[in-house]
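# Structural description and commentary
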Amino acid sequence: MPTLLVQPPELHLRMAFMDALEDAGLEYERIPDGYVVFLKDGQTIEWNEIRERFLIPNPEENPPLYP
């Protein structure tokens, strides 16, 4: 299950972004650096659609989040 560190979209789009994640069944966590999205098998298509819709730049995959 990949973990992605995602830079947040523009402020006025953040609620819609979180709603899209929830509607697609993607688990996520808000952190000071942005969002951490946890992808399960078979969720890549949904993630890519959301990423394109909100113009999310390339996320960092499997980042070191916690010391």
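## So, the overall build of the protein
Helices and strands together make up the secondary structure of the protein, namely two helices and four strands. Ordered by position from N to C terminus, the α and β elements of the protein give β-α-β-β-α-β. What you see for the protein is a C-alpha radius of gyration of 11 Å, in line with the 11 Å of a compact globule of 67 residues. Projected onto its principal axes, the C-alpha coordinates of the protein cover approximately 30 × 25 × 20 Å. By residue count, 33% of the 67 residues in the protein fall in the buried class. Approximately 4,600 Å² of the protein is accessible, and the part contributed by carbon and sulfur atoms is 50%.

## Topic: the packing of helix α1 (residues 14-23) against helix α2 (residues 44-53)
Where α1 contacts α2, the axes come no closer than 10 Å and their chain directions differ by 165°. Viewed along their axes, α1 and α2 adopt a mutual orientation that is roughly antiparallel. You can see that α1 and α2 cross each other, and the crossing is right-handed. Across from F17, A20 and L21 in α1, the residues of α2 making contact are W47, I50 and R53. When its residues are assigned to classes, the contact of α1 with α2 shows five nonpolar, no polar and one charged.

## Considerations on the packing of aromatic side chains
This model, assessed by the stated rule, comprises three aromatic pairs. Here F17 and Y35 contribute two aromatic rings whose centre-to-centre distance is 5.2 Å and whose plane-to-plane angle is 70°, an arrangement assigned as edge-to-face. Residue F17 is found in helix α1, and its partner Y35 is found in strand β3 (residues 34-38); the two are separated by 18 residues along the sequence. Overall, F17 belongs to the buried group, its relative accessible area being 0%. Each member of the aromatic cluster is reached from another via a ring pair, and the members are F17, Y28, Y35 and F54.

## Comments concerning the nonpolar core
The biggest cluster of nonpolar side chains holds 14 residues, and the ones touching the most others in it are V6, F17, L21, V37, W47 and I50. Broken down by secondary-structure element, the contributors of at least two residues to this core are β1 (3-6), α1, β3 and α2. Looking at which element gives the most residues to this core, the answer is α1, with four residues.

## So, the confidence of the model for the protein
Across the protein, pLDDT averages 93, with 96% of residues at or above 70. By mean pLDDT, the top-scoring element of the protein is α1 (98), and the lowest-scoring one is strand β4 (residues 60-61) (91).

Rules of the game
- Residues numbered from 1 in each chain as written.
- Predicted model: local features only at pLDDT ≥ 70, side-chain atom pairs only at ≥ 80, totals over all residues.
- Heavy atoms only, no water.
- Helix = DSSP H or I, 4+ residues; strand = E, 2+ residues; numbered from the N terminus.
- Rg over C-alpha atoms; globule rule 2.2 N^0.38 Å.
- Buried < 20%, exposed > 50% of the residue type's maximum accessible area, 1.4 Å probe, protein only.
- Areas by Shrake-Rupley, 256 points an atom, 1.4 Å probe, with all protein chains shown as cover.
- Axes fitted to C-alpha atoms, helices over the stretch in contact; angles between N-to-C directions.
- Parallel < 35°, antiparallel > 145°, perpendicular 65-115°, else oblique.
- Left-handed = near helix turned anticlockwise from the far one by under 90°.
- Contact = heavy atoms within 4.5 Å.
- Nonpolar A, V, L, I, M, F, W, Y, C, P; charged D, E, K, R; others polar.
- Phe/Tyr/Trp six-rings, centres within 6.5 Å; stacked < 30°, edge-to-face > 60°.
- Core = buried A, V, L, I, M, F, W, Y, C linked by side-chain atoms within 4.5 Å.
- pLDDT = per-residue confidence, 0-100.

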